[in-house]
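# Breakdown of the fold
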Amino acid sequence: MERFLLYWDDLDDLLGTVGLFAERIRRIVMFVLGTVLFLAAVAGAIALALVEPPLAMAAVTLVLVTLMYRSVTHPRFRRTPG
């Protein structure tokens, strides 16, 4: 019976190791995906600016207003006095 429990313990350690390795892979995949999406957005913005400058300026204005609204209504850090 004790050997059986040791096998279960080894299996638990193996699954924990696989989980840690999977987390590292997930972080790498999320970084690559975020980078690709960012570059696609930049390329799309440049293409839009070359084809239709007023529409690109309107889009940039909407994004900036949205970001400013978000920064005012959802501050990241609150500093305590003192």
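Refer to the structure presented above.
Residues numbered from 1 in each chain as written. Predicted model: local features only at pLDDT ≥ 70, side-chain atom pairs only at ≥ 80, totals over all residues. Heavy atoms only, no water.

## As for a negative patch on the surface
- Taken together, Asp-9, Asp-10, Asp-12 and Asp-13 make up a surface patch of like negative charges.
- Position of Asp-9 relative to the elements: it lies in helix α1 (residues 2-51).
- Judged by its relative accessible area of 38%, Asp-9 is partly exposed. (Patch = residues over 30% accessible without salt bridge, like charges linked within 9 Å, V, L, I, M, F, W, Y side chains within 5 Å. Areas by Shrake-Rupley, 256 points an atom, 1.4 Å probe, with all protein chains shown as cover. Salt bridge = Lys/Arg side-chain N within 4 Å of Asp/Glu carboxyl O. Lys, Arg positive; Asp, Glu negative; His and termini not counted. Charge placed at Lys NZ, Arg CZ, Asp CG, Glu CD. Helix = DSSP H or I, 4+ residues; strand = E, 2+ residues; numbered from the N terminus. Buried < 20%, exposed > 50% of the residue type's maximum accessible area, 1.4 Å probe, protein only.)

## Structural notes on the pattern of salt bridges
- This model, assessed by the stated rule, comprises two salt bridges.
- Across the pair Glu-23 and Arg-26 runs a salt bridge, and its minimum N-O distance is 2.9 Å. Residue Glu-23 and its partner Arg-26 are both found in helix α1; the two are separated by three residues, about one turn of the helix.
- A salt bridge links Glu-23 to Arg-27, with the shortest nitrogen-to-oxygen separation between them at 3.4 Å. Of this pair, Glu-23 and Arg-27 both sit in helix α1, separated by four residues, roughly a single helical turn.
- Among the charged side chains, a salt-bridge network with shared partners connects Glu-23, Arg-26 and Arg-27.

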